[in-house]
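# Residue-level structure breakdown
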4 protein chains.
Amino acid sequence: MFQIRTDLAMEVRELYQEEKQQEIPGVAVQQDELKGVTITRVEILDQHGEKVMGKAIGKYITLECVGLRRPDADLKDEVSQLLAKEIRALVNIDKYIKVLVVGLGNNDVTPDALGPKVISKLFVTRHLFKLYNKENDEELAELSAISPGVMGTTGIETGEIIKGIVENVKPDIVLAVDALASRKMERVNTTIQLSTSGIHPGSGVGNKRQALDEKTLGIPVIAIGVPTVVDAATLTNDTIQLVIKAFSKQAKVGSQFYNMLAELKEEEKYHMIKEVLEPYSANVMVTPKEVDEIILNLSHIIANAINIALHPAIDLKDVNRYIH
Amino acid sequence: MFQIRTDLAMEVRELYQEEKQQEIPGVAVQQDELKGVTITRVEILDQHGEKVMGKAIGKYITLECVGLRRPDADLKDEVSQLLAKEIRALVNIDKYIKVLVVGLGNNDVTPDALGPKVISKLFVTRHLFKLYNKENDEELAELSAISPGVMGTTGIETGEIIKGIVENVKPDIVLAVDALASRKMERVNTTIQLSTSGIHPGSGVGNKRQALDEKTLGIPVIAIGVPTVVDAATLTNDTIQLVIKAFSKQAKVGSQFYNMLAELKEEEKYHMIKEVLEPYSANVMVTPKEVDEIILNLSHIIANAINIALHPAIDLKDVNRYIH
Amino acid sequence: MFQIRTDLAMEVRELYQEEKQQEIPGVAVQQDELKGVTITRVEILDQHGEKVMGKAIGKYITLECVGLRRPDADLKDEVSQLLAKEIRALVNIDKYIKVLVVGLGNNDVTPDALGPKVISKLFVTRHLFKLYNKENDEELAELSAISPGVMGTTGIETGEIIKGIVENVKPDIVLAVDALASRKMERVNTTIQLSTSGIHPGSGVGNKRQALDEKTLGIPVIAIGVPTVVDAATLTNDTIQLVIKAFSKQAKVGSQFYNMLAELKEEEKYHMIKEVLEPYSANVMVTPKEVDEIILNLSHIIANAINIALHPAIDLKDVNRYIH
Amino acid sequence: MFQIRTDLAMEVRELYQEEKQQEIPGVAVQQDELKGVTITRVEILDQHGEKVMGKAIGKYITLECVGLRRPDADLKDEVSQLLAKEIRALVNIDKYIKVLVVGLGNNDVTPDALGPKVISKLFVTRHLFKLYNKENDEELAELSAISPGVMGTTGIETGEIIKGIVENVKPDIVLAVDALASRKMERVNTTIQLSTSGIHPGSGVGNKRQALDEKTLGIPVIAIGVPTVVDAATLTNDTIQLVIKAFSKQAKVGSQFYNMLAELKEEEKYHMIKEVLEPYSANVMVTPKEVDEIILNLSHIIANAINIALHPAIDLKDVNRYIH
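Residues numbered from 1 in each chain as written. Chains lettered and ligands numbered in written order. Predicted model: local features only at pLDDT ≥ 70, side-chain atom pairs only at ≥ 80, totals over all residues. Heavy atoms only, no water.

## Quick notes on the overall build of chain A
Selection criterion: Where helices and strands are cited, they refer to DSSP runs of H or I of at least four residues and of E of at least two residues respectively, numbered from the N terminus. Each radius of gyration is computed over the set of C-alpha atoms, and the globule rule expresses the reference value as 2.2 Å times the number of residues to the power 0.38. The buried label applies to any residue whose accessible area, calculated with a 1.4 Å probe on protein chains only, is under 20% of its type's maximum; exposed applies above 50%, and partly exposed to all values in between. Contacts were defined at the residue level, with two residues in contact if any of their heavy atoms lie within 4.5 Å. Computed with the Shrake-Rupley method and a 1.4 Å probe, the accessible areas treat only the protein chains shown as cover for residues. Charge convention: Lys and Arg are scored as positive, Asp and Glu as negative, and His as well as the terminal groups of each chain are ignored. The atom standing in for a charge is NZ when the residue is Lys, CZ when it is Arg, CG when it is Asp and CD when it is Glu.
Scanning chain A from terminus to terminus reveals 13 helices and nine strands. For 324 residues, the compact-globule estimate of 2.2 N^0.38 gives 20 Å, and chain A sits close to it at 21 Å. Structurally, chain A occupies a C-alpha span of about 80 × 45 × 40 Å along its principal axes. For chain A, with 324 residues in total, the buried portion stands at 60%. Summarising the internal contacts of chain A: among those between residues at least 6 apart in sequence, 71% fall at separations of at least 24. Counting every atom, chain A has about 13,100 Å² of accessible surface; 48% of that belongs to carbon and sulfur. Put simply, chain A has 37 plus and 46 minus side-chain charges, and the middle of one group is 1 Å from the middle of the other.

Have a look at this one:
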């Protein structure tokens, strides 16, 4: 059976609202507007919310900013700083914190390379703490980072790799960066999602089967993700829905035609999707042509935000000019 | 107004047939099946054919092979050899020929990088002819190659660059390699088109405005292209058509419903397409996730075919083992 | 004080012989010639050998083949097979073995990228064993692989990362692939060293401080390395030695001149080296211009050898045509 | 016979001075110090100067700044602006100028990739002038750019390619950017040379045989280059000289020993160099390990300088934040 594919909690909630015209019980939603950035805070509060959303209990914060599509460096800095603030709030930062950042995804597949590209722009320090035998520092957090690669090239579940590293590196918290799928093209490249519930099977552009969360790692896992693609089957499904909606508007309620539209079976829709996307149905993605550049841009914004959020003495001017 | 986007002559003809249920006058079509490869030869014979097809008079040869999606190295060799044979026939090769291969497209945008990647795998020889002051050779053709880059990074029309080089390098013929757009996912990665009419504005994954053909360059231009993407607007349009077709089957001819379906205005379709793809409408592409690998594979097949076709003394074993 | 930098056991032994004109006690050496490949087997047998060699007890096998500099694909296959045979002998392969291959080095610094490039060409299978819940297989070994990155980008000692992964993945043995430094240009790109003693601080092109060996990981560690650079200070030192040797030949033993040559202090040599290489003294390397291509070639040879050596059902034809 | 390899006019002059202890007749030299940057202006005035220098009549301006080795973004901006000023002076800029920038070198060989990397960061505009049918603009110069590739991959002399493009694009002036070889490690990554005499055979990291200068192209050619390597043979030769100098200091003038030192034949030196570098003698280069990063940095500085120098309305803030 076909399922709309989205990794954004705000889209899951949007879908529910479109259908049921109400909020999901057990899910709290709040929206702010700040300097051209819309911040949506979805919180899944209980098991009912969890079940309906298909996502774990926790906070999901989305920053949306259509301006990110234009080459506006000042706006990018703005978003980096807003994101840093949100990261700091979720990490609930102690002065002396040890953080491991995990860059998920495949560096050789452009729309999946966000995680590895963020890692390469972080100001890591853990080796310096070890070298100078320091336990903590007023100016810098103890930061380490890894891009474990994907299961297709390692033969190992990412979760197993990270578990082993966490046991040895002993961070207080993990930040996991990943490329996501959105339901709508308009969110690609303009949306950043933070969440306290970690990374779960089936999310991200690549495939994972094992969760990266507090339950599996024993420490909090904050996920940071950006939708870089729309799943082609989802786009096709949305197109079908749109056509049906257009016809429905013109048909009298209760007419034979109206009923036919309402009854287009899921199965028939699924066959249409398959027909359009054959033979690649499972693995076709829709991306803006300039996806290479987009990934690069977003990796800067996120890496800057992490560097600013975690290291007390590093500010925006530093990351723009001395790091990378 | 929306237009289905395809660079394959066989798909233009297919669209015409779907609508009119007949062959296009002024266009000859022939199809062969050889070792699992379907070879379709479309020849546009006169101005009528030219007008209906929206493509210049000339031969368009398409090799289709679904097996190319599997990692079957023997099949790839087979296709290289079939392609080499077709190239030789079109080039109408003299023993001592001078060929310039032009790799169109942007090496930094994965699905557009086919041309540059082919160039990097060719066995170029022109400088050796100059070095040893030779006019011709029994074993090697005088081969030169260039990837001129795209207008967005050069500020120059590709046609102007190639014109200048042709005037100085004086080849007998140009081969132009480019990434194309197909109408259907099933042709992505499985189809290679050869044509005698060169490259024309609007074709290819990138945007060109000036033709690369015999008229502009003064020598024959053979185009070699592979569809690496489907234009997202085209995919969306096809989905809409499919939904309408599905409903039409269920509606009585002449019923109000049937008429409504038939009358869905082009303009409405166009709005739906825009709504689905906003805000990227002009520049969204649909690709298999593994497009990086696909491009690499196809660049090998095409480079091998060119090396074998042009150099008398080079065969398949040589290209597989000593070149690249 | 200046120290000649080499990661090849055979060069350490060569240096000793040049100076002392005898074999090192506690070190056994044997040399074979096979199809144009010279195989030198150095075995450090006891603590005396260990101390003089500055390398751990164990076997060091070097395959040297000057022909590797030419683009001779048949020879490359030959070397892959010889190397596979040596790997099999060291791994002392059981039918059902679990192997983790570690690609050391920095993928973004060309001469240090050998390890990561080998990893990307391996046929990993561990996830398939897990997926189908198999413990062992007649045709395939359980192979996993990781490129952990370098300490400068991770902030973590490679040893710590690998320890964690080994504890979770539980392989029987680790193969660690690394780019090495040779003392002589003639060995760059033509020499492959296998060793049973793992990877030790200070070896490789990058800097590591923690060993990867049986003592730290609890399982055998086979190191596979290729010299891709000569350290510039070592090259400069060798040049100085050569000049002195040239003069020495012309001077009478016992003459003032002869004595002066013999007495050129280490410190003076060191100052000359510094003067030539300032201001980069510690980090200058000497490489052939085509190092990018060399690394690619060697990564194929080594990946092929590992694939053939470990997987019972995979032979040379398979790796050349279906993997990568 | 061995020749010291340098593409820097200031080093040729330095060598002459070391040997003859005087300035070269026909060559004017002037040196300034500005904000930590040493600017050396060598002008070859007549044929005598040309002959002794082995370089064409013209101006050679070198900016040296040891601070460029540190990650000091403010200093980089400083150098970009100084360089922009020098470019403007040499180009002798008219308000409405048409410039073609040529990026020489091989993008796939790290130390030779400077030219192509600069090209990718330029703000090209020629296509916009054509699109809007403008002849000139108050704010922007008509800028076009090309990376023609190297003869080994194109089979065509770079000079022939550029000649053809110049004839079609009709710029007023060409800027040619290339990676150079220095004699001394201390100048690698810290030195930028501008010259009015274009590019000549044998200069640059790669090999060219045909000049790119006003004589061949019919318009002025300004060369911009940065030494990214030291030729290994040159480094070895310098080492030998250093040893001889060290001994000479200790030997009495006129003694047998002193004479021997003075008489070390060029041929013997050449043999020593060959022995040290075998078997790569012609193609070994010495580079700092972090050459990848260095090239990236310098390409930013140079691209920024060109963008600022040529476009009236673009300043440093713009290039740092909106271009790339």
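Further notes follow.
## A short note on the side chain of threonine 228 of chain C
Residue and element names in this part refer to chain C. We apply this condition: Polar contact is the term for a pair of N or O atoms within 3.5 Å; when the atoms are in protein, one must be able to donate a hydrogen and the other to accept it, and sequence-neighboring residues count only if both atoms are side-chain atoms.
Structurally, the position occupied by threonine 228 is in strand 8 (residues 221–231). Assessed through its relative accessible area of 2%, threonine 228 is described here as buried. One polar contact links the side chain of threonine 228 to the main-chain carbonyl oxygen of proline 111, over a distance of 2.8 Å.

## Focus on the confidence of the model for chain A
For the record, the criterion: pLDDT measures how confident the predictor is about each residue, on a scale from 0 to 100.
Across chain A, pLDDT averages 88, with 95% of residues at or above 70. Scoring of the predicted complex yields 0.91 for pTM and 0.90 for ipTM.

## Section: the interface of chain D and chain B
Heads up, the condition is: Buried area is understood as the total, over both parts, of accessible area removed when two parts are fitted together, assessed with a 1.4 Å probe. By definition here, a salt bridge exists when the distance from a side-chain nitrogen of Lys or Arg to a carboxyl oxygen of Asp or Glu is within 4 Å. Under this grouping Gly is polar, as are all residues other than the nonpolar Ala, Val, Leu, Ile, Met, Phe, Trp, Tyr, Cys and Pro and the charged Asp, Glu, Lys and Arg.
Each side of the interface is counted separately: chain D has 26 residues, and chain B has 27 residues. A buried area of about 2,100 Å², summed over both sides, lies between chain D and chain B, and 54% of it is on carbon and sulfur atoms. Connecting chain D to chain B are two salt bridges. In this structure, arginine 126 of chain D and glutamate 160 of chain B form a salt bridge, with 2.9 Å as the shortest nitrogen-oxygen distance. One can count eight residue pairs in polar contact (both at pLDDT 80 or more) joining chain D with chain B. No other element matches the eight residues that helix 7 (residues 158–169) of chain D contributes to the side of chain D that touches chain B. Grouping the constituent residues of the side of chain D that touches chain B by class yields 12 nonpolar, nine polar and five charged.

## Thoughts on the relation of the copies chain D and chain B
Both copies of the chain are related through a single rotation about an axis accompanied by a shift along the same axis. Stated precisely, the cut-off is as follows: Superposing the copies works by least squares over the C-alpha atoms of residues that have pLDDT at least 70 in both of them.
The transform that puts chain D on chain B rotates by 180° and translates by 0.0 Å along the axis, for an RMSD of 0.0 Å. Here the transformation between the copies is reduced to the relation of a two-fold axis. Using C-alpha coordinates, one finds that chain D approaches the rotation axis most closely at glycine 164 of chain D, a distance of 1.9 Å. In this assembly the copies share their binding face: 100% of the residues contributing to the interface of chain D also contribute to that of chain B.

## Considerations on the environment of valine 291 of chain C
Residue and element names in this part refer to chain C. In this structure, valine 291 sits in helix 12 (residues 291–310). Note: C-alpha distance between valine 291 and glutamate 23 (268 residues apart in sequence) is 34 Å. Not counting residues up to four positions away in its chain, the partners in contact with valine 291 are Thr110, Pro111 and Thr228.

## Some thoughts on the relation of the copies chain A and chain B
Screw-axis analysis of chain A against chain B gives a translation of 0.0 Å along the axis, an RMSD of 0.1 Å, and a rotation angle of 180°. Both copies present the same face, since 100% of the interface residues in chain A are matched by interface residues at the equivalent positions in chain B.

## Concerning the domain arrangement of chain A
Convention followed: Residue ranges labeled as domains rest on an automatic or database domain assignment.
Looking at the assigned domains, one finds that chain A contains domain 1 (9–229 + 289–316) and domain 2 (235–280). The straight-line distance from the C-alpha centre of domain 1 of chain A to that of domain 2 of chain A is 35 Å.

## A look at the interface of chain A and chain B
Each partner contributes to the interface: chain A provides 43 residues, whereas chain B provides 43 residues. Summed over both partners, the interface of chain A with chain B buries about 4,000 Å², with 69% contributed by carbon and sulfur atoms. Taken together, the links from chain A to chain B amount to zero salt bridges. There are three residue pairs in polar contact (both at pLDDT 80 or more) connecting chain A and chain B. Mapped onto the side of chain A that touches chain B, the elements with two or more residues apiece are helix 9 (232–250), helix 10 (256–263), helix 11 (266–277), strand 9 (284–288) and helix 12 (291–310) of chain A.

## Overview of the pattern of salt bridges
Residues and elements named next belong to chain D. Counted by the stated rule, this structure contains 67 salt bridges over all chains. One salt bridge in this structure joins glutamate 23 and arginine 13, with 2.5 Å as the shortest N-O distance. Here glutamate 23, found in the loop between helix 1 (9–20) and strand 1 (27–34), pairs with arginine 13, found in helix 1; they are 10 residues apart in sequence, far enough to count as distant. Owing to a relative accessible area of 30%, glutamate 23 belongs among the partly exposed residues under this scheme. Judged by its relative accessible area of 15%, arginine 13 is buried. The partner of arginine 183 in a salt bridge is aspartate 238, and the shortest N-O contact between them spans 3.2 Å. Here arginine 183 is found in the loop between strand 6 (173–182) and strand 7 (191–195), whereas its partner aspartate 238 is found in helix 9 (residues 232–250), with 55 residues between them in sequence.

## Let's talk about the pairing of strand 5 (residues 142–146) of chain B
All names here are of chain B. Under the convention used in this document: Two strands make a pair as long as DSSP finds a minimum of two bridges between them.
The buried fraction of strand 5 is high, at five of five residues. Where burial is concerned, the two faces of strand 5 agree: the one with Glu142, Ser144 and Ile146 and the one with Leu143 and Ala145 are both buried. Bridge analysis of strand 4 (residues 98–103) against strand 5 gives five bridges, and the strand direction is parallel. Across the sheet, the residue bridging to leucine 100 is serine 144, located in strand 5.

## Digging into the side chain of serine 197 of chain A
On the secondary structure map, serine 197 of chain A appears in the loop between strand 7 (191–195) and helix 8 (214–217). Beyond its immediate sequence surroundings of up to four residues, serine 197 of chain A is in contact with Ala56, Ile57, Tyr60, Asp213 and Val221 of chain A.

## Some remarks on the pairing of strand 2 (residues 37–44) of chain D
Residue and element names in this part refer to chain D. Here strand 2 lies mainly inside the structure; six of its eight residues are buried. Hairpin connection between strand 1 and strand 2: a loop of two residues separates the two successive antiparallel strands, and lysine 35 in this loop has a positive phi of roughly 50°. By the bridge criterion, seven bridges tie strand 2 to strand 3 (residues 58–64) in an arrangement that is antiparallel. Paired with threonine 40 across the two strands is threonine 62, which belongs to strand 3.

## Thoughts on a nonpolar patch on the surface
Rules: Here a patch means residues that are over 30% exposed by relative accessible area and free of salt bridges, tied together within 9 Å if like-charged and within 5 Å if nonpolar (Val, Leu, Ile, Met, Phe, Trp, Tyr).
Judged by side-chain polarity, Leu128, Leu131 and Tyr132 of chain A come together as a nonpolar surface patch covering roughly 320 Å² of accessible area. Positionally, tyrosine 132 of chain A belongs in the loop between helix 5 (126–131) and strand 5 (142–146).

## Structural notes on the environment of alanine 145 of chain D
Among the structural elements, alanine 145 of chain D can be located in strand 5 (residues 142–146). With 108 residues separating them in the primary sequence, alanine 145 of chain D and valine 37 of chain D have C-alpha atoms 28 Å apart. Among all residues touching alanine 145 of chain D, those that are not within four sequence positions of it are Thr153, Thr154 and Ile156 of chain B together with Leu100, Val101, Ile119, Leu122 and Val124 of chain D.

## Side note on helix 9 (residues 232–250) of chain B
Under the convention used in this document: Expected span of a helix: the number of residues minus one, times 1.5 Å.
Compared with the 27 Å implied by 1.5 Å per residue over 19 residues, the 28 Å span of helix 9 of chain B between its first and last C-alpha is a close match. Most of helix 9 of chain B sits inside the fold, with 14 of its 19 residues counted as buried.

## Digging into the packing of helix 9 (residues 232–250) of chain C against helix 11 (residues 266–277) of chain D
Selection criterion: The convention used is that axes are lines fitted to C-alpha atoms, helices contributing only their stretch in contact, and that angles between N-to-C directions extend from 0 to 180 degrees. In what follows, roughly perpendicular refers to angles from 65 to 115 degrees, roughly parallel to angles under 35, roughly antiparallel to angles over 145, and oblique to any angle outside these ranges. Helix crossings are classified by the rotation of the near helix relative to the far one: an anticlockwise turn of less than a right angle makes the crossing left-handed, while a clockwise turn makes it right-handed.
Look at helix 9 of chain C against helix 11 of chain D: their axes get within 10 Å of each other, and the N-to-C directions meet at 135°. In terms of their interaxial angle, helix 9 of chain C and helix 11 of chain D are classed as oblique. Crossing geometry of helix 9 of chain C relative to helix 11 of chain D is assigned as right-handed. Contacts between helix 9 of chain C and helix 11 of chain D pair Leu235, Thr239, Leu242, Val243, Ala246 and Gln250 of chain C from the former with Glu268, Met272, Glu275, Val276 and Leu277 of chain D from the latter. Each residue belonging to the contact of helix 9 of chain C with helix 11 of chain D can be placed in one class, and the counts come to seven nonpolar, two polar and two charged.

## Points about unusual backbone geometry
Both trends apply: most residues other than glycine have a negative phi, and most peptide bonds are in trans. Residues and elements named next belong to chain C. Positive phi, normally seen in glycine, also occurs at lysine 35, with a value near 50°. With respect to the element layout, lysine 35 can be found in the loop between strand 1 (27–34) and strand 2 (37–44). With a phi angle near 55°, asparagine 133 is a residue other than glycine that sits in the positive phi range. Tracing the backbone through its elements, the reader meets asparagine 133 in the loop between helix 5 (126–131) and strand 5 (142–146).

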